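Analysis of the macromolecular model
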Amino acid sequence: QHKDAYQVILDGVKGGAKEKRLAAQFIPKFFKHFPELADSAINAQLDLCEDEDVSIRRQAIKELPQFATGDNLPRVADILTQLLQSDDSAEFNLVNNALLSIFKMDAKGTLGGLFSQILQGEDIVRERAIKFLSTKLKTLPEEVMTKEVEEFILTESKKVLEDVTGEEFVLFMKILSGLKSLQTVSGRQQLVELVAEQADLEQTFNPSDTDCVDRLLQCTRQAVPLFSKNVHSTKFVTYFCEHVLPNLSSLTTLVEGLDIQLEVLKLLAEMSSFCGDMEKLESNLKKLFDKLLEYMPLPPDEAENGENAGSEEPKLQFSYVECLLYSFHQLGRKLPDFLTAKLNAEKLKDFKIRLQYFARGLQVYIRQLRLALQGKTGEALKTEENKIKVVALKITNNINVLIKDLFHIPPSYKSTVTLSWKPVQKADASQKRASEDTTSSSPPKKASAGPKRDARQIYNPPSGKYSSNLGSFSYEQRGGFRGGRGRGWGGRGNRSRGRIY
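Residues numbered from 1 in each chain as written. Predicted model: local features only at pLDDT ≥ 70, side-chain atom pairs only at ≥ 80, totals over all residues. Heavy atoms only, no water.

Once that is clear, we can look at the overall build of the chain. A count of helical and extended segments in the chain gives 21 helices and zero strands. Residue burial in the chain is summarised as follows: out of 501 residues, 53% are buried. Of the accessible surface of the chain, which amounts to about 23400 Å², a share of 49% is contributed by carbon and sulfur atoms. (Helix = DSSP H or I, 4+ residues; strand = E, 2+ residues; numbered from the N terminus. Buried < 20%, exposed > 50% of the residue type's maximum accessible area, 1.4 Å probe, protein only. Areas by Shrake-Rupley, 256 points an atom, 1.4 Å probe, with all protein chains shown as cover.)

This next bit is on helix α3 (residues 38-49). Its twelve residues place the ends of α3 16 Å apart at the C-alpha level, agreeing with the 16 Å of an ideal helix rising 1.5 Å per residue. Of the positions making up α3, those classed as buried are Ala38, Ala41, Ile42, Ala44, Gln45, Leu46, Leu48 and Cys49. Where the residues of α3 are buried, they touch α1 (3-11), α2 (17-30), α4 (54-63) and α5 (73-83). (Expected span 1.5 Å × (residues − 1). Contact = heavy atoms within 4.5 Å.)

Now for the side chain of Arg57. For Arg57, the position within the fold is in helix α4. Only 3.3 Å separates the side chain of Arg57 from the backbone oxygen of Glu52, close enough to count as a polar contact. At a separation of 2.8 Å, a polar atom in the side chain of Arg57 contacts the side chain of Glu91. Every residue in contact with Arg57, bar those within four places of it in the chain, is listed here: Leu48, Cys49, Glu50, Asp51, Glu52 and Glu91. (Polar contact = N/O pair within 3.5 Å; in protein donor to acceptor, adjacent residues only side chain to side chain.)

Following the sequence through the fold, Gln218 ends up in helix α12 (residues 210-223). Overall, Gln218 belongs to the buried group, its relative accessible area being 2%. Considered as a pair, Gln218 and Phe169 are 49 residues apart in the sequence and their alpha carbons are 8.8 Å apart. Within the structure, the side chain of Gln218 is placed 3.3 Å from the side chain of Arg221, a separation counted as a polar contact.

A few words now on the nonpolar core. With 149 residues, the main nonpolar core has Ile27, Leu80, Ile153, Phe236, Phe328 and Leu339 as its most contacted residues. Per-element tally for this core: the top contributor is helix α18 (residues 345-373), with eleven residues. If we ignore the near neighbours within four places in the chain, the residues touching Phe328 are Leu285, Leu288, Phe289, Leu292, Phe338, Leu339, Leu406 and Tyr413. (Core = buried A, V, L, I, M, F, W, Y, C linked by side-chain atoms within 4.5 Å.)

Going through the model one piece at a time under the given rule, you end up with 14 aromatic pairs. Summarising the aromatic geometry, the rings of Phe289 and Phe338 are spaced 5.8 Å apart at their centres and angled 70° between planes, so their arrangement reads as edge-to-face. Linking Phe289 in helix α15 (residues 281-294) with Phe338 in helix α17 (residues 338-342), this pair joins segments that are 49 residues apart in sequence. Assigned by exposure class, Phe289 and Phe338 land together as buried. On the numbers, 5.9 Å between centres and 70° between planes, the contact of Phe328 with Phe338 is edge-to-face. (Phe/Tyr/Trp six-rings, centres within 6.5 Å; stacked < 30°, edge-to-face > 60°.)

Moving on to the environment of Glu270. Note on placement: Glu270 falls in helix α14 (residues 260-272). Classification of Glu270 by relative accessible area gives buried; the value is 9%. Spatially, the C-alpha atoms of Glu270 and Pro225 are 9.3 Å apart, while their sequence positions differ by 45 residues. Polar contacts involving the side chain of Glu270 include one to the side chain of Trp421, which spans 3.0 Å.

Right, dumping it as structure tokens:
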């Protein structure tokens, strides 16, 4: 009976500022009493959400959750998602709060609105909707984030992941790895499979294609924290051994200041601990062994016609060797007779000479470093120069432990070390020497050893190399995946523009 009166309120949106303010309050207040005018009411409120007067807009947005009843809820969620593009901070906060309040009424319906905009909306809306999910989902209580809701998030995320940029992919992995239902072994396995799909491990690897290289690294960084003794890294380790290691020297990246080769070797080392049964273990171990030899020089007097003939003293690249030796040590456990039965006597003798030479340089360097760090504690260890020396000592200690293992007859694979850029775990007997020092963020790029040079000359790191980025592999490169495939990792097709209300 009051339908006409409600229509007058709806028409108030065409009036002056006072009428609009009243309409912004009364349209939602009486909305539930006039289901036959629901569409007109929502459209009228939307007009107010786009008003030129910021106070009217704020009032209208604040009341939007009152329209989120029954079938209207996904539509309201869709509208609120589009309103995330607001640049007014108070308005933006109101939109966030409104979305959170309807989340508590119907999480799946709200997610439906958010995902429809992520899949079809404007770039700015897509970006902010993804950010909303990555920051707000973890704040919602368990009664809202039910198993069914989490399954819906996974299903919809898979659709989005068919075409994402590198940055979006990182955010989605953050969203998915935070879901309770994916904390299980099978959940982690699912996530690893998702990452492997993104990494496109079936494709031919092109070391000179920066898009291809960055994509592989970004994906591998997301996979590394998921691996464990039950969730294996075999597929990734195999790909790295077969396709990446042979092309190590020709890798290219657009990321300034990044030692791409060291980055690859660090990722391989981290993954090697969780590698399961590998199909072509011997051939991949051979590739790893050959790459290790490249960084393990022969002593100058041994190289009559060889690689070091006529040169003074070969450079020892400790950071590279730590990664390669560790990976070889991890995979070698699976084929312990590789060095004795799979290599001919000549090759093994050559390897032992290289190990011995490296170990000699190592001992000199360890003594220099210990001397340089002797008696230094607390603040003194925090200077840039001493941080470098502390990391250098960790690297050299690790290599020392691993070389000793390989000198056993037959070679042993029993020692455990903590990689120099990882936080130190509780040390056991074989680790004591390797973990004598404090942790630091990231190893230097390359090192050359020689008893006559001081430690600063030996390490000589490029400036800006010691950010936590390199140590934790968490750097995100905006736009690093934009290539010939449309938006980042694939063309996003034709998306509608403008208001979809």
